[in-house]
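Here are the chains, one letter per residue:
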Amino acid sequence: MPQYELTVEKDACDGIFACLTRDPRFVEGEDGLATIDPDADPVYDCEGTVTDTDERVVATFDDDRIDEARQAAAACPTDAIVVREVGE
Ligand code: SF4
């Protein structure tokens, strides 16, 4: 199972939320832009670490849901989401 990192670049995010229809871990932050909440999925119990700064959100997960993250990245009209495997 790959460990992977999700990044949302806030400068690129337009707040239209195509991402959360593909992966419910993407949620609206207080600034109206996308952020990531491992507890937001109503079905799966996710664990992950999230760092949310003014520039970007970076979350690391170690589960089998990288495909959903990739679908969210593919749906993002501004390419604000990057998914990167960081280990096994
Ligand atoms: S789809 Fe992309 S641009 Fe739209 S809210 Fe999600 S991360 Fe931001």
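Residues numbered from 1 in each chain as written. Predicted model: local features only at pLDDT ≥ 70, side-chain atom pairs only at ≥ 80, totals over all residues. Heavy atoms only, no water.

Identification of the chain as Ferredoxin from Natrarchaeobaculum aegyptiacum is taken from an unreviewed UniProt entry.

Judged by nonpolar contacts, the single largest core of 20 residues is most densely connected at L6, V8, C19, F26, I36, F61 and I81. Breaking this core down by element, the ones donating at least two residues are strand 1 (3–9), strand 3 (34–36), strand 5 (56–62) and helix 2 (66–75). Broken down by element, the residue count for this core peaks at four residues, all from helix 2. Sequence-distant contacts of F61, that is, excluding residues within four places in its chain, are made with P2, Q3, Y4, L6, R25, I36, P38, C46, E47 and G48. (Core = buried A, V, L, I, M, F, W, Y, C linked by side-chain atoms within 4.5 Å. Buried < 20%, exposed > 50% of the residue type's maximum accessible area, 1.4 Å probe, protein only. Helix = DSSP H or I, 4+ residues; strand = E, 2+ residues; numbered from the N terminus. Contact = heavy atoms within 4.5 Å.)

Before going further, it helps to examine the sheet that holds strand 6 (residues 81–87). Across the sheet, which stays open at both edges, the four strands sit in the order 4-5-1-6 with antiparallel pairing between neighbours. Of all strands in the sheet, those bounded by a partner on one side alone are strand 4 (48–52) and strand 6. Strand-to-strand twist in this sheet, taken as the mean axis angle between neighbours without regard to direction, amounts to 15°. Pairing between strand 4 and strand 5: five bridges, direction antiparallel. (Pairing = 2+ DSSP bridges. Axes fitted to C-alpha atoms, helices over the stretch in contact; angles between N-to-C directions.)

So, on to the packing of aromatic side chains. Scanning all chains against the criterion turns up one aromatic pair. Here the aromatic rings of Y4 and F61 are separated by 5.8 Å at their centres, their planes lie at 25°, and the arrangement is stacked. Of this pair, Y4 sits in strand 1 while F61 sits in strand 5, placing them 57 residues apart in sequence. Comparing Y4 with F61, the two get one shared label, buried. Note that R25 overlies the ring of F61, its terminal NZ or CZ placed 4.4 Å from the centroid. (Phe/Tyr/Trp six-rings, centres within 6.5 Å; stacked < 30°, edge-to-face > 60°. Lys NZ or Arg CZ within 6 Å of the ring centre and 35° of its normal.)

Bringing the site of the ligand into the picture now. Taken together, the neighbourhood of the ligand is formed by C13, D14, G15, I16, F17, A18, C19, A34, C76, P77, T78 and I81. More than half of the atoms of the ligand fall within 2 Å of the grid points belonging to the largest cavity. In terms of residue class, the shell around the ligand is built from nine nonpolar, two polar and one charged. (Near = heavy atom within 4 Å. 1 Å grid on protein atoms, 1.4 Å probe; cavity = no way out; pocket = protein on both sides within 12 Å on 5 of 7 lines; lining within 4 Å. Sits in = over half its atoms within 2 Å of the grid points. Nonpolar A, V, L, I, M, F, W, Y, C, P; charged D, E, K, R; others polar.)

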